[in-house]
Amino acid sequence: MREIIIFRHNLFKISEPFIVQQAQKLRRYKPLYLGRIRYGQPPAGAESFALCDRGPSAYLRIGQQMLSRSPAPYQSLLRDRHPALIHAHFGIEGVYALPLAKRLHIPLVTTFHGFDATLSTAALLSSPAWANYPLYRRELAQQGALFLCASSFIRDRILALGFPEARTRTHYIGVDWRAITPRHPSEETRTILHVARLANVKGTKYLIRAFAALASEHSDVDLVIIGDGPRRRALQKLTISLKLERRVHFLGAQAHTEVLAQMRRAAMLVLPSVRTGTGRVEGLGMVLLEAAATGIPVVASRIGGIPEGVLDGRTGFLVPERDIAALTRRMDDLLRDPAMRLGMGAQARALVEQRFDIRTQTEVLENLYDEVLSDAR
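In every chain, residue numbers begin from 1 and rise along the written sequence. It should be noted that, the model being predicted, local features are given only for residues of pLDDT at least 70 and side-chain atom pairs only at 80 or more, the latter also being counted only at that level, while totals for whole chains, interfaces and linings use all residues. Side-chain measures were taken over the full set of non-hydrogen atoms in the model, leaving aside hydrogen atoms and water.

Draft legend 1. Layout of the sheet that holds strand S3 (residues 29–35). DSSP calls a pair of strands paired once it identifies at least 2 bridges connecting them. Where helices and strands are cited, they refer to DSSP runs of H or I of at least four residues and of E of at least two residues respectively, numbered from the N terminus. In space, the 7 strands of this open sheet follow the order S5-S3-S1-S6-S7-S8-S9, with parallel pairing throughout. Two strands in the sheet have a free side with no partner beyond their single neighbour: strand S5 (47–50) and strand S9 (168–170). Shown here is a sheet whose adjacent strand axes are inclined to one another by a mean of 25 degrees, direction ignored. Sheet topology places strand S8 (residues 146–149) next to S9; 3 bridges connect them, and they run parallel. For Phe147, the partnering residue across the bridge sits in S9 and is Thr168. In this analysis, axes come from line fits to C-alpha atoms, helices being fitted only over the stretch in contact, and the angle between any two N-to-C directions falls in the range 0 to 180 degrees.

What follows is the structure, encoded as structure tokens:
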């Protein structure tokens, strides 16, 4: 079994379980996790290497590496390991993994997930952590072995940025629907669920305002918000101003098991994502696929890659972004019709089984690794 590097600066973030879920489904390749900082624990039995382990001066070295892109600190961590390739998650990571791949004489695969394909150059340059990405993106496009995109929408954006069509492919990560038993109707409660990082792109404020419009008609319905982020305080203030603080529950960031448990109790999942002023757009939204696997309908914005995971009128409803009236109407439709919720949930589950099976998608990924390594030889 050949070893490969799974490269992500911020390893094991609670909001990014999909990276580990994909890597742990590999059957013919063994993942070694490599990055700057661990935000959680690696999977049982997995090996991880992080620059933050390098003693008291680790964070100074991280800063230096952030500026220089030097592969030396990572090469030192790997010591005598001989990985077959590097798989970087997010375009920013691709730019930083490229010098290491060149130093080790191995190919680089990069997956683009969303903001790395949509955020404006000005917004990227304004962040020290991201500034090297637009500066070296052309080099990545020229020298990277393969570019995978989390949705066809993201692929179109990456091609527009100058990445080569022949080496740029749509590849859905998928979800492990076999590990998620479809919920029984008796588990449902009168709850609307929102799972997202609390940032502008997720459109949470539009959901809260739409919920306010529903509140008087559905006095038994609550809104549960899972996630944290820079907009949390402002969103809580909005909730108080609308006199909804007893019916809108901010649970903060939660473990993946708790997210799935909350899905089982929800009448629907709502993700009213928007295009931000910096150009950021939703790449697809893995939470939509997990909700579908659980067997609950979704209400989401018709934007970015979302329509690839939500079939309007069949597995849920798509609404125009920032359209509070349409969002309110579709949530109301689902709340008033249990049979519709049940039917859409069943079709959502079937869609995930057919199109987004993580085992099938990971087998495809391993075949792509085989192609890359064959071409490199």
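Draft legend 2. Region of the structure containing the pattern of salt bridges. Any Lys or Arg side-chain nitrogen located within 4 Å of an Asp or Glu carboxyl oxygen qualifies as a salt bridge. Applying the stated criterion to the full structure yields 28 salt bridges. Across the salt bridge formed by Arg264 and Glu187, the nearest N and O atoms sit 2.9 Å from each other. With Arg264 in helix H11 (residues 256–265) and Glu187 in the loop between S9 and strand S10 (191–195), the pair connects residues that are 77 residues apart, well separated along the chain. Taking relative accessible area as the criterion, Glu187 reaches 30% and is therefore assigned partly exposed. Asp220 is the partner of Arg190 in a salt bridge, and the nearest nitrogen-oxygen pair spans 3.1 Å. One end of the pair, Arg190, is in the loop between S9 and S10; the other, Asp220, is in the loop between helix H9 (204–215) and strand S11 (222–226), and 30 residues separate them in sequence. The rule is simple: take the accessible area with a 1.4 Å probe, protein chains only, and divide by the maximum for that residue type; under 20% is buried, over 50% is exposed, in between is partly exposed. You can call Arg190 partly exposed: its relative accessible area is 26%. Within this structure, Glu3, Lys30, Glu47 and Arg81 form a network of salt bridges that share partners.

Draft legend 3. Region of interest: unusual backbone geometry. Positioned with a positive phi, Arg79 is a non-glycine residue whose angle comes to about 50 degrees. With respect to the helices and strands, the residue Arg79 is situated in the loop between helix H3 (72–78) and strand S6 (86–89). Even without glycine at this site, Arg322 takes up a positive phi of about 65 degrees. By the secondary structure assignment, Arg322 is in the loop between strand S15 (316–319) and helix H13 (324–336). On the basis of relative accessible area, Arg322 is assigned to the partly exposed category, the value being 40%.

Read these as layout, nothing more, since geometry by itself doesn't imply function.
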